[in-house]
Amino acid sequence: VLQGTQKNCIRAFGINSILYQRGIYPPETFTRVTHYDLSLLLTTDPKLKSYLTNVVSQLKEWLFECTVQKLVLVITCLETNEVLERWQFDIECDKSAKESSAPREKSIKTIQHEIRSVIRQITATVTFLPLLETPCAFDLLVYTDKDLVVPDKWEESGPQTIDQPEEVRLHSFTTSIHKVNSMVAYKKTESA
Amino acid sequence: MDLEDDTTILTTLKSFNSFISRPEHPQRLSEHSAGSGILQSQYKRSMELLEAAERVHSKNRYLQLDQEKKQMELSHKRARFELERAASDSARDLEHEVDRNQELLGQIKKLEERAEEVNKKLTEQKEANDALQKNLEGLNKTLEERDDKLGTANQTIRSLKDEIRELRQKIQNQDSKMSAQTLENQELQEKIDLQQRKYQEVSQLCQSLQAAQSSCSDHIIKIKELERRLVFQEQDFAIVKTVKSEVARVPDLEKELKRLRDDNAYLRLNTFLKENCSLLKEEVEGLRKKLERMEKTKEELINMELEKELHAWENLGQSTGLNIRKPEDLSREVIQIQQREIALKEQNYTLNSRVRSVERSQSELRAELTQQHSKTLEEQKKREAQDALVRRLQKRVLLLTKERDGMRAILESYDSELAPTEYSPQLSKRLREAEDILLKTQSHNAEMEAQLTKAQEETGTLKLQLQTVSEPALLNSVCACIFFLRQKIEDLERERQRLEEQNNILEMRLERHNLQGDYDPVKTRVLHLKMNPTAIAKQERQQEVEALRQEVTRLRDLVRSLQSGGAVGHSQDDTHNPSFSLSLAPSKEVLDLRKQMESSELRNQRLKEVFQRKIQEFRTVCYVLTGYQIDITTENQYRLTSVYAEHMDDSLLFKKGSNGSMQLMETEFSKTLGEMVALHLHHQKSIPAFLSAVTLDLFSRQTTV
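Here goes a summary of the coordinates provided. A quick note: this is a predicted structure, and the numbers were derived from the prediction, not measured.

### Considerations on a positive patch on the surface
Residue and element names in this part refer to chain B. A grouping of Arg261, Arg268, Lys281 and Arg288 is seen on the molecular surface, where their side chains present a positively charged patch. At the level of secondary structure, the elements contributing two or more residues to the positive patch comprise helix H2 (36-270) and helix H3 (274-320). Inspection of the secondary structure assignment puts Arg268 in helix H2. Looking at Arg268, the relative accessible area reads 56%, which means it is exposed.

Spelled out as structure tokens, the structure:
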């Protein structure tokens, strides 16, 4: 369970840092928070916070049950309604480990180190991602098993893929139960 | 009890009421007949009734009082009960309080004891404090002493540091010098390297030069030799030339000889001149001598050629390096060489024959080797078969031993179970059955083993046949099978590779799709929150867009209204929507401008009218005074019509030229005035005179007419 909470914190921080870096919400709405020995940015916008806590709490459940396959952050342009960027986190869950109460084989320090590297990578990818000039909004998609019961506030949606994307694979990190691969796909700009 | 009382009360009341009502009824009936006796009886009855009623009432009251009493007793009991309970509770509370009190007292005692202890400790601590303070003072003193010492030490340290600094500076200077030196050293070394390289290059060049020189000298020597040879050759060539020329002369000389001989014979035959004979003889002798000389020269030539050949042979001998002086030597050499050749050829043949014999032996050995291989394989197979047989036999033995043990166990069990003398026929039957089964299984086993051995032998023979080239037909079929199987294998392998490649491609595609976010709809599902920021942003955007559209339509209407309002006038502005309050401010300017425009237009119009009037006045005055109406027909053309014109069309046309002078144009009327034209315009060159003459003329015509 500890690792689930850790993972959710990772998610939340990762999503927050992505939002800040890509300028989807104005930077004034973000505050600095120190976690895992790294200074991170969290949003202060109440609506956004409530949305994120909703998603994250649901994710925690699903992660514990090992029914989540992917978590995707989709950035769409508001004018043209097309998807400009896609941040995809593939989660590979070791289902057998769920039943056995295995002790924490990985120390907290290594997990923190990996989290830090992921967040640093997200910051570094901004250098080569194309600028988002039009007003954009983001959405969080969760790929789950088909036989899962859909809770109240959630609904089905499409995969929201980009046509002819450029893909970049980022670092992956593991805890003793899960392995997370991350990648970012963005739409090629015409000038490139 | 109460209820029963109530019911009794009610029943009594009911009976009373019925009693009262009954006498009333009969009372009503017997009203007329009753007299005073009736009244008395009525009074008595009423008195009785009253008494009964009073009794009933008193009973009721009694019952009520009873009830009340009982209730009061009950309440009293309850109150007492409650009081007792309260008393007991209060007693318990009291006890509790007492206990607590005692506990608190005990606690207080304990606390007092603790306070005493604490006080004692305090005093002890105070004493300790005093001692510590004294210690502190002592320590402070020592500290001060140490500080003093430290101060002195610091001073020494400072002085030492200064020294250190100076030393460091010196060291730095030294280092810098060292570094400069090392740099110089490096530079010098580099220079040295350069020089060494140059030296090496130069030495190489020298060596090459020397080699070239040596080669040059060799070449020079060769050249000299060649030159010498050339000179010899030229000499030979010259000699040969002269000899050739002389030799060339020989046929001529021979021809001459012939000719001379013929002449001689001819002379001899034809003339008998003896005088010429001696001359001729002398000539002949002379010719003979020449001939002899020629023959000598020929011999010399031949000798020379022979000598040349000899020389050549000698040169050959020198060039070939052999000790040759005469052709015999050459022939000897040649013979020797030939002998050597023959010997070598003999050796060659012997070697070839040996090689062939060796090859033959090698092939024979190889055949023997293959035979031995096959024999060894056969032996190995036999051995394996034997081993298999041995194993089988061992297994059989094991099985048999196991069976025997089993049988023995069964027998022993049977023996142990039953009495030793009791061998029932059942047991024996069972034994026999078991033995039969055993035999059957053994025979079956043997048959299977025989089949197995047969099959193995067949495979062994097949293999042997495959290895030895005994039956070509079987081999061919087997080969064909093998070939066919091999082909099949190759085809399958190719297909497998193809399928593997396809698989890889599909896997790559799948992975790429997975990367792009594709998913298998059978296994996975994509979810997101309904109230997600994108949806919210989209809604807001739509609302914005709609609001903007509404504003746009509103602004368009306003603009249209403004445009239409401007044409009509500002009086209509009041009828517009009060929401157009924004346009009031600019419409004031518009109104002012409109007013200005109108006033200016009015002014224009008035001016126009005034001008027209004035022009009209002026024209009429002109017409009246001068007698001509001047009209401008076209640019620079003026038409004058007289007052006294006889016809309407009689008019004079004047054209204004480029230099400003007026010229009369030809018209119908002007043709009739030819004289006046000639007089006034051509001679006098005055148009006013002409015009006045015309008017006078017309006037005179009019008045006369």
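### A word on the interface of chain B and chain A
When the parts come together, some accessible area is lost, and that loss is often what is quoted as the size of the interface. Each side of the interface is counted separately: chain B has 26 residues, and chain A has 40 residues. Taken together, both faces of the contact between chain B and chain A bury some 3,000 Å²; the carbon and sulfur share is 55%. On the chain B side of the interface with chain A, the three residues burying the most area are Arg525(B), Leu527(B) and His528(B), jointly 26% of the side's total. Joining chain B to chain A, the criterion identifies zero salt bridges. Our count for the contact surface shared by chain B and chain A stands at one residue pair in polar contact (both at pLDDT 80 or more). Counting residues per element, the ones that place at least two in the side of chain B that touches chain A are helix H6 (472-516), strand S1 (524-529) and helix H7 (533-568) of chain B. Considered class by class, the residues forming the side of chain B that touches chain A number ten nonpolar, seven polar and nine charged. Relative to S1(B), strand S5 (residues 136-145) of chain A is paired through four bridges, and the arrangement is antiparallel. Residue Val142(A) lies in a different strand from S1(B), and its bridge partner there is Leu527(B).

### Details of the packing of aromatic side chains
Tallying each qualifying case throughout the model produces one aromatic pair over all chains. Across from the ring centre of Tyr143(A), 5.8 Å away, lies the NZ or CZ of Lys70(A), which sits over that ring.

### What to know about the nonpolar core
Trp62(A), Trp87(A), Phe138(A), Leu140(A), Val142(A) and Trp154(A) are the most contacted members of the largest nonpolar core, which totals 31 residues. Secondary-structure elements contributing two or more residues to this core are helix H2 (46-65), strand S3 (68-77), strand S4 (83-93), helix H4 (108-125), S5 and strand S8 (178-187) of chain A together with S1 of chain B. Element by element, the count of residues in this core is highest for H2(A), at seven residues. Trp62(A) has contacts with Thr67(A), Val68(A), Val142(A), Thr144(A), Leu148(A), Pro151(A), Trp154(A) and Leu527(B), leaving out every residue within four places of it along the chain. Residues Tyr628(B), Leu640(B), Phe690(B) and Leu698(B) belong to the second largest nonpolar core, which totals 14 residues.

### With respect to the pairing of S3(A)
Burial within S3(A) is extensive, with nine of its ten residues counted as buried. Linking S3(A) back to S4(A) in an antiparallel pair, the connection comprises five residues, with Asn81(A) at a positive phi of about 60°.

Cut-off values and rules
Residues numbered from 1 in each chain as written. Chains lettered and ligands numbered in written order. Predicted model: local features only at pLDDT ≥ 70, side-chain atom pairs only at ≥ 80, totals over all residues. Heavy atoms only, no water. Patch = residues over 30% accessible without salt bridge, like charges linked within 9 Å, V, L, I, M, F, W, Y side chains within 5 Å. Areas by Shrake-Rupley, 256 points an atom, 1.4 Å probe, with all protein chains shown as cover. Salt bridge = Lys/Arg side-chain N within 4 Å of Asp/Glu carboxyl O. Lys, Arg positive; Asp, Glu negative; His and termini not counted. Charge placed at Lys NZ, Arg CZ, Asp CG, Glu CD. Helix = DSSP H or I, 4+ residues; strand = E, 2+ residues; numbered from the N terminus. Buried < 20%, exposed > 50% of the residue type's maximum accessible area, 1.4 Å probe, protein only. Contact = heavy atoms within 4.5 Å. Buried area = accessible area lost by both parts, 1.4 Å probe. Polar contact = N/O pair within 3.5 Å; in protein donor to acceptor, adjacent residues only side chain to side chain. Nonpolar A, V, L, I, M, F, W, Y, C, P; charged D, E, K, R; others polar. Pairing = 2+ DSSP bridges. Phe/Tyr/Trp six-rings, centres within 6.5 Å; stacked < 30°, edge-to-face > 60°. Lys NZ or Arg CZ within 6 Å of the ring centre and 35° of its normal. Core = buried A, V, L, I, M, F, W, Y, C linked by side-chain atoms within 4.5 Å.

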